[in-house]
Amino acid sequence: MNISYDFIIIGTGAGGGTIANRLAQSGKKILILERGTFLPREKENWNTTEVFLNNRYHTKEVWQDKNGKPLHPGTGYWVGGNTKVYGAALFRLRKEDFGELKHQGGISPAWPLSYDDFEPYYTRAEGLFDVHGQRGIDPTEPPMSDDYPYPAISNEPRIQDVCDRLKKHGYHPFPVPVGIKLNEKNPEDSACIRCDSCDGYPCLADAKADADVNCVRPIHHQENVTLITGAHVLRLLTSPDGRSVSEVEFQDAQGSVERVRGDRVIVSCGAINSAALLLRSANDKHPSGLANSSDQVGRNFMFHQAGAILSIHFDKLNTAKYMKTFSVNDFYFGEPGYDFPMGNVQLIGSFHKEMMISDAPWGTPGVVLDHMAKHAIPWWLTTEDLPDPENRVQWVNGTVKLSYTQNNVTSFKRLMNRWTEVLKEVGGDDSILPLDAYFTKRIPLEGVGHQNGTCKFGTDPKTSVLNLNCRTHDIDNLYIVDGSFFVSSGAVNPSLTIIANALRVGDHLLEIAG
Ligand SMILES: Cc1cc2nc3c(=O)[nH]c(=O)nc-3n(C[C@H](O)[C@H](O)[C@H](O)COP(=O)(O)OP(=O)(O)OC[C@H]3O[C@@H](n4cnc5c(N)ncnc54)[C@H](O)[C@@H]3O)c2cc1C
Ligand code: SF4
């Protein structure tokens, strides 16, 4: 291909899709290379067996863990990346997350920029991704310069009941900020039908604010934008002096290997795949991988200590369809007697018996699972994962090796136990019989949905991969805008921060591109 582009963007997830949308408005010549295709709109989008048991939208790639054992990652390659299946909970990091925080398991380091630097971009990100929410209830909420674009999503009756009980006991549940296009006031104008298959599923109605629907589709037919799907970027080649990326090599959908050139190359393959791409692009000038003079590429991989709790109240049917409506941050920074951050609690969007099959004792009859699921409320708990250089991505024998050892476990266990106690405390006060059950599960390494770290940004080229504009210290025209740049992970879902940062870097690129 003989055309040269102003920008080549690799990947179209939260980071890549957002920056493509931002840069496209400038009229600059943009090439987007996306490994996946548009995710098919089909009935299976909302089929729990297909999505959760058959992993229909996950890659079939097999990675390896630190012991060389096969790892089947819960990630997918589509236009829109993992936002196609995300729960669309679009939180800002807390103001304090940008500073140094002392955790029970170690230090969560300070970011080189502050919350105030990110604030205007968070506001724009919330606009771009149609966030519904309500300010002023969450005690940990950072200062915000504008209101959410849309009102909070209401709780369905069973969920409202739990919310009310929590409030009665002195807790502070607040609406989850979510990017779903639900218009409760005028349902006839609502793209979203408030279904029971959102969190973890693609949206058949295209009503989830994902990077495909909100960022790529509005721009990919523009004259200045070329989108090539099925374009798997294999490696980046550098100029003889090693200071710039000269060509991007990719395999197209037909299997041919092509090379393209661009003034600036923006990598956004997700924190794991971006690091892998840099590492497998090693050459004479960059023997340990591109932009890796610091030996930091791939290191400090984080994906959150995350777990689920199922609270089952057999005397209370739960008919709620869409439950990702409130969250609790009362333990985010700890609690009396425990002066360390614990994390975030939020509802999972929906729950179905199929989601229990792999964890239920073998032979549990379907009717029992069904009964449990119909009385269950599913919770998602997240504790910060601390950056550890030994938790890392490597490129070994043509595949990703993901070495990971859990940290900050005491705080995570404490949060799980504490929330179970809270649920017992608030849920049991009108139960006639002790009919409640609580099941907990930690999300294993396969669940790499919240991946971040791996190419942290900073001012010192010796200890960071990217500068403050997310340009690599070593290579002048190479940028990374996915979750790789995170210095610490906080304990809220990462996408809004990735989106805000991509807008920030997009502004910078347009400024310097003239
Ligand atoms: C089930 C699930 C639920 C989630 N829920 C939430 C939530 O509620 N809130 C939240 O904030 N986050 C959530 N997340 C996480 C969220 O999806 C990610 O944080 C976000 O998508 C990351 O954005 P990214 O740009 O870093 O990477 P991705 O979105 O993963 O995008 C990477 C892109 O790069 C492409 N790509 C990869 N390698 C190559 C290559 N070599 N060549 C070309 N293209 C390539 C991929 O196909 C993809 O399009 C969830 C994730 C999952 C899996
Ligand atoms: S709840 Fe709305 S946005 Fe989510 S999958 Fe259903 S229709 Fe789509």
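Look up: the structure comes first, before these words.
Predicted model, so just to flag it, every value in this text is computed and none were measured.

Rules used throughout
Residues numbered from 1 in each chain as written. Chains lettered and ligands numbered in written order. Predicted model: local features only at pLDDT ≥ 70, side-chain atom pairs only at ≥ 80, totals over all residues. Pairing = 2+ DSSP bridges. Helix = DSSP H or I, 4+ residues; strand = E, 2+ residues; numbered from the N terminus. Axes fitted to C-alpha atoms, helices over the stretch in contact; angles between N-to-C directions. Parallel < 35°, antiparallel > 145°, perpendicular 65-115°, else oblique. Contact = placed C-beta atoms within 7 Å. Nonpolar A, V, L, I, M, F, W, Y, C, P; charged D, E, K, R; others polar. Buried ≥ 20, exposed ≤ 12 C-beta atoms within 10 Å, placed from the backbone. Core = buried A, V, L, I, M, F, W, Y, C linked by C-beta atoms within 7 Å.

Engineer: Account for the pairing of strand β9 (residues 232-238), naming residues and giving values.
Structural biologist: Alignment of β9 against strand β10 (residues 245-251), held across 6 bridges, turns out to be antiparallel. Residue pairing across strands places T238 opposite V245, the latter belonging to β10. The hairpin turn running from β9 into β10, its antiparallel successor, is 6 residues long, and G242 in that turn takes a positive phi close to 80 degrees.

Engineer: If you had to explain the packing of helix α3 (residues 115-128) against helix α9 (residues 495-513) to someone new, which residues and values would you point to?
Structural biologist: Interhelical geometry of α3 versus α9 gives an angle of 110 degrees and a closest axis separation of 8 Å. Our classification of the angle between α3 and α9 gives roughly perpendicular. On α9, the residues that touch F118, Y121, Y122, R124, A125 and L128 of α3 are L496, I499, A500, N501, L503 and R504. Counted by class, the contact of α3 with α9 contains 9 nonpolar, 1 polar and 2 charged residues.

Engineer: Help me get a handle on the sheet that holds strand β18 (residues 399-403), residues and values and all.
Structural biologist: An order of β4-β3-β18-β17 is seen for the 4 strands of this open sheet, with the pairing classed as mixed. Every interior strand has two partners, whereas the edge strands, β4 (70-71) and β17 (392-396), have only one. Of the strand pairs in this sheet, β17 and β18 are connected by 5 bridges, and their pairing is antiparallel. Across the sheet, the residue bridging to Q394 is K401, located in β18. This element, helix α6 (residues 271-280), spans β17 and β18 of the sheet and lies at about 45 degrees to β17.

Engineer: Outline the environment of T140, supporting the account with residue identities and numerical values.
Structural biologist: Its location among the elements puts T140 in the loop between α3 and α4 (157-168). According to the C-beta neighbour criterion, T140 is partly exposed, with 17 such atoms within 10 Å. On a C-alpha basis, the gap between T140 and Q406 in space is 26 Å, while along the polypeptide they are 266 residues apart. Aside from chain neighbours lying at most four places away, what touches T140 is R94, N329, Y332 and F333.

Engineer: Tell me about the nonpolar core, and name the residues and values.
Structural biologist: In this structure, I8, I30, V248, I266 and I499 are the most contacted members of the largest nonpolar core, which totals 143 residues. Broken down by element, the residue count for this core peaks at 8 residues, all from α9. The residues contacting I499, other than those within four sequence positions of it, are A14, T18, A125, L128 and F129.

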